[in-house]
Amino acid sequence: MGILDLMLGRSGEGQQGIDGHSYKLPEESHEFVYPVAVRRIELEALAELLAADESAPSLAENADELQDTFDELFDGQGPDATDIAAREEAARSTVETVLETWRGQVPDGDDRLGVVYVQQGEFEAIRSFVKRCKQRDDGSGEFELPESLPAVAALLARLDEATDSRYRAVVHTDLLPES
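Residues numbered from 1 in each chain as written. Predicted model: local features only at pLDDT ≥ 70, side-chain atom pairs only at ≥ 80, totals over all residues. Heavy atoms only, no water.

1. Remarks on helix H2 (residues 40-55)
Here is the rule: Starting at the N terminus, helices and strands are each numbered in turn, a helix being any DSSP run of H or I of at least four residues and a strand any DSSP run of E of at least two. Expected span of a helix, by definition, is 1.5 Å for each gap between consecutive residues, and there is one gap fewer than residues. Categorising residues by exposure relies on relative accessible area from a 1.4 Å probe, with only protein chains included: less than 20% of the type maximum marks a residue as buried, more than 50% marks it as exposed, and the intermediate range marks it as partly exposed. A contact between two residues is defined here by any heavy atoms of the two lying within 4.5 Å.
With 16 residues, H2 should cover 22 Å at 1.5 Å per step; its first-to-last C-alpha distance of 23 Å lies within 8% of that length. Looking only at H2, the buried set comprises Arg40, Glu42, Leu43, Ala45, Leu46, Ala47, Leu49, Leu50, Ala52 and Asp53. On its buried face, H2 is in contact with strand S3 (30-39), helix H4 (81-105), helix H5 (120-136) and helix H6 (149-163).

2. Remarks on the packing of aromatic side chains
Rules: Aromatic contacts are taken between Phe, Tyr and Trp rings whose centres are within 6.5 Å, Trp giving its six-membered ring; a plane angle under 30 degrees counts as stacked, one over 60 as edge-to-face, and the others as tilted. Here, a charge over a ring is recorded when the distance from Lys NZ or Arg CZ to the ring centre is within 6 Å and its angle to the ring normal is within 35 degrees.
Counting across every chain of the model gives 0 aromatic pairs. Here the basic side chain of Arg168 rests over the ring of Phe32, its NZ or CZ set 4.4 Å away from the ring centre.

3. Quick notes on the sheet that holds strand S5 (residues 169-172)
The following threshold applies: Strand pairing follows a simple DSSP-based rule, namely that at least 2 bridges must link the two strands. Fitting a line to C-alpha atoms yields each axis, with helices limited to the stretch in contact; the angle taken between N-to-C directions then spans 0 to 180 degrees.
Spatial ordering of the open sheet is given by S4-S3-S5, a layout of 3 strands whose pairing is antiparallel. Of all strands in the sheet, those bounded by a partner on one side alone are strand S4 (113-118) and S5. In this sheet, neighbouring strand axes are inclined to one another by 55° on average, regardless of whether the strands run parallel or antiparallel. Of the strand pairs in this sheet, S3 and S5 are connected by 4 bridges, and their pairing is antiparallel. If you follow His30 over to S5, its bridge partner there is His172.

4. Comments concerning the side chain of His30
What counts, and what does not: Side-chain atoms alone can form a polar contact between residues adjacent in sequence; in general such a contact is a pair of N or O atoms within 3.5 Å, and within protein one must be able to donate a hydrogen while the other accepts it.
Tracing the backbone shows His30 in strand S3. Of the polar contacts made by the side chain of His30, one reaches the side chain of Ser29; its length is 3.0 Å. Ignoring any residue separated from it by four or fewer positions in sequence, one finds His30 in contact with Leu25, Val170, Val171, His172 and Thr173.

5. Here's the deal with the packing of H5 against H6
Condition: Put simply, a crossing is left-handed when the front helix is turned counterclockwise from the back one by less than a right angle, and right-handed when it is turned clockwise. Just so you know the grouping, Ala, Val, Leu, Ile, Met, Phe, Trp, Tyr, Cys and Pro go in nonpolar, Asp, Glu, Lys and Arg go in charged, and all remaining residues, Gly too, go in polar.
At a minimum axis distance of 11 Å, the contact between H5 and H6 shows a crossing angle of 145°. Two packed elements cross with a definite hand, and for H5 against H6 that hand is left-handed. Between H5 and H6, the contacting residues are Gln120, Phe123, Ile126, Arg127, Val130 and Lys134 on the first element and Leu149, Val152, Leu156, Leu159, Asp160 and Thr163 on the second. Taken together, the residues of the contact of H5 with H6 sort by class into 7 nonpolar, 2 polar and 3 charged.

This is the structure in C-alpha cells:
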C-alpha cells in the first residue's frame, strides 16, 4: 500500500473507459460539491440581506393572521401557514450556516476572490431565501431590500450556473458547513 492509497483511499482500475487508476474515497468523510468563485463583497451583501430579513417582522410572528387569510381564500382547504413559516426558517438557517463557513473560505477585502463549495440543497435554500426577500419588498415599509442586492444577484447567477453544470468536485466534509 502506497502513500497515495493511505491519503486518498483504495486505488483500483480506472472506470468508464479511462485508462489509469481511480481512487475510492470514504463516503463518510467526502462529498460531491460544486466549486464556485465568490467575492467577499457578495458574501457581505448576503449578510446584509439576512440582517434586513431579521429586522423585519417574520412570517412565524404573523402565522395566525396569514392562516386566517388562507382559510378565507381557500374555504379552509389552503396551505398551512405554520408549515410555510417552518420551511422559510429552515432556508434562512441554511443560509446563515453556509455564509458563516464561506466567510472563512474567502479572504477579507471587497474585491478578494475565493472558492466555496456548494451542495445542491444549499443553493436551493439561498435561492428560496432571496426570492422570499424580493417578494417581501412590497413598498409597505415593513421590509426593505438593501442597496447591495445586485451583489447578491451576481452571486445567485454564478451559483445557478455552477450547479447547473455537470462538473462537480469531491472535497473533505471538513470544508463544508455543518448540517
